[in-house]
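So the chains spell out like this:
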Amino acid sequence: MSLAVLILFVFLLADVVMRYVVGAPAIWTAELAVLIFGGYAILGGGYLLAERGHVNVDIFYGSFSQKKKALIDLLTWPLFIFFVGILFWEGFKIALEAIEDMERSNSLWKPYLWPTKSLIPVAAALLLLQGFVRLWGDIRILMGLPVPEDVFGVQAPDETPHGEEAEV
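Residues numbered from 1 in each chain as written. Predicted model: local features only at pLDDT ≥ 70, side-chain atom pairs only at ≥ 80, totals over all residues. Heavy atoms only, no water.

Points about the overall build of the chain
A tally of regular secondary structure across the chain gives five helices and zero strands. From first element to last, N terminus to C terminus, the chain shows the α and β order α-α-α-α-α. Its C-alpha radius of gyration of 21 Å places the chain more than 25% over the 15 Å reference for a compact globule of 168 residues. Long-range contacts, defined here as pairs at least 24 residues apart, represent 63% of the contacts in the chain between residues at least 6 apart. (Helix = DSSP H or I, 4+ residues; strand = E, 2+ residues; numbered from the N terminus. Rg over C-alpha atoms; globule rule 2.2 N^0.38 Å. Contact = heavy atoms within 4.5 Å.)

Quick notes on the packing of aromatic side chains
Applying the stated criterion across every chain, the model contains six aromatic pairs. Where phenylalanine 37 meets tyrosine 40, the ring centres are 6.1 Å apart and the plane angle is 40°; that geometry is what we call tilted. Here phenylalanine 37 and its partner tyrosine 40 are both found in helix α2 (residues 29–50), three residues apart, which amounts to about one turn of the helix. The class for phenylalanine 37 is partly exposed, based on a relative accessible area of 44%. An angle of 40° between the planes, with centres 6.0 Å apart, marks the rings of tryptophan 77 and phenylalanine 80 as tilted. (Phe/Tyr/Trp six-rings, centres within 6.5 Å; stacked < 30°, edge-to-face > 60°. Buried < 20%, exposed > 50% of the residue type's maximum accessible area, 1.4 Å probe, protein only.)

A look at helix α3 (residues 66–101)
Note that an α-helix has 3.6 residues per turn; residues three or four places apart therefore point the same way. Taking 1.5 Å per residue as the helical rise, α3 with its 36 residues ought to reach 52 Å, and the 49 Å between its terminal C-alpha atoms agrees with that figure. Within α3 the residues assigned to the buried category are Lys69, Ala70, Asp73, Trp77, Phe80, Val84, Gly91, Ala95 and Ala98. Elements in contact with the buried residues of α3: α2 and α4 (114–143). One or two residues past the end of α3 sits methionine 102, with phi positive at roughly 50°. (Expected span 1.5 Å × (residues − 1).)

Regarding the packing of helix α1 (residues 2–22) against α2
Their axes nearest at 9 Å, the elements α1 and α2 cross at an angle of 165°. By the angle between their directions, the pair α1 and α2 is classed as roughly antiparallel. The way α1 lies across α2 gives a crossing that is left-handed. Across the interface between the two elements, Ala4, Val5, Ile7, Leu8, Phe11, Leu12, Ala14 and Asp15 from α1 touch Thr29, Ala30, Leu32, Ala33, Ile36, Phe37 and Tyr40 from α2. Split by residue class, the contact of α1 with α2 holds 13 nonpolar, one polar and one charged. (Axes fitted to C-alpha atoms, helices over the stretch in contact; angles between N-to-C directions. Parallel < 35°, antiparallel > 145°, perpendicular 65-115°, else oblique. Left-handed = near helix turned anticlockwise from the far one by under 90°. Nonpolar A, V, L, I, M, F, W, Y, C, P; charged D, E, K, R; others polar.)

Considerations on the side chain of aspartate 15
With respect to the element layout, aspartate 15 can be found in helix α1. Aspartate 15 has contacts with Ala26, Thr29 and Ala30, leaving out every residue within four places of it along the chain.

Focus: the side chain of serine 118
Tracing the sequence through the fold places serine 118 in helix α4. A polar atom in the side chain of serine 118 sits 2.6 Å from the backbone oxygen of tryptophan 114. Apart from residues lying up to four places away in sequence, serine 118 is in contact with Ala95 and Ile99. (Polar contact = N/O pair within 3.5 Å; in protein donor to acceptor, adjacent residues only side chain to side chain.)

Topic: the environment of aspartate 158
Position of aspartate 158 relative to the elements: it lies in the segment after α5 (149–152). Taking C-alpha positions, aspartate 158 is 56 Å from glycine 23, a pair spaced 135 residues apart along the chain.

Concerning the layout of surface pockets
Taking a probe equal in size to a water molecule and rolling it over the atoms shows the remaining empty space. The volume enclosed by the largest pocket comes to roughly 550 Å³. Around the largest pocket, the lining is made up of 18 residues, and of these Leu49, Asn56, Asp73, Thr76 and Phe80 lie nearest the centre. Breaking the lining of the largest pocket down by element, the ones donating at least two residues are α2, α3 and α4. Top contributing element to the lining of the largest pocket by residue count: α3, with seven residues. For the lining of the largest pocket, the per-class residue count stands at 10 nonpolar, four polar and four charged. (1 Å grid on protein atoms, 1.4 Å probe; cavity = no way out; pocket = protein on both sides within 12 Å on 5 of 7 lines; lining within 4 Å. Points joined across faces, edges and corners; volume = space filled by probe spheres on them.)

As structure tokens, this is what we get:
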């Protein structure tokens, strides 16, 4: 997905050059950049989950031990499943409708929207798979088993004083 950012940059640069240097803006570059960014943004969810890159409210959670964080994550996992389930179901309906109608943008360029909209259920499925990996990692933490980051992604740091394991 990091290549998508480079492609996005090239299209935005082309838009700026066409608009301010040539004096004739291209009608397709900005909209294509938006479509690429949409795919980039939604497909990044699973990666962010693996890297613990999502925003957390660390007022309390940040001070918990690794086991307590794993327990909290385990208890909130049904909310994750609910969110991903709705994202998948509604995204699938949106994608299917866009494909059936061969949906196009309302702009002058009129690009097809179904390729980008079809990424919504794909991204939801990838996010769900990463969620199962995170769930299994949390279970392993609670069982006292090793959780290698190269398999389970970045783990929440243990914030107990002096590396002592706090009770759950």
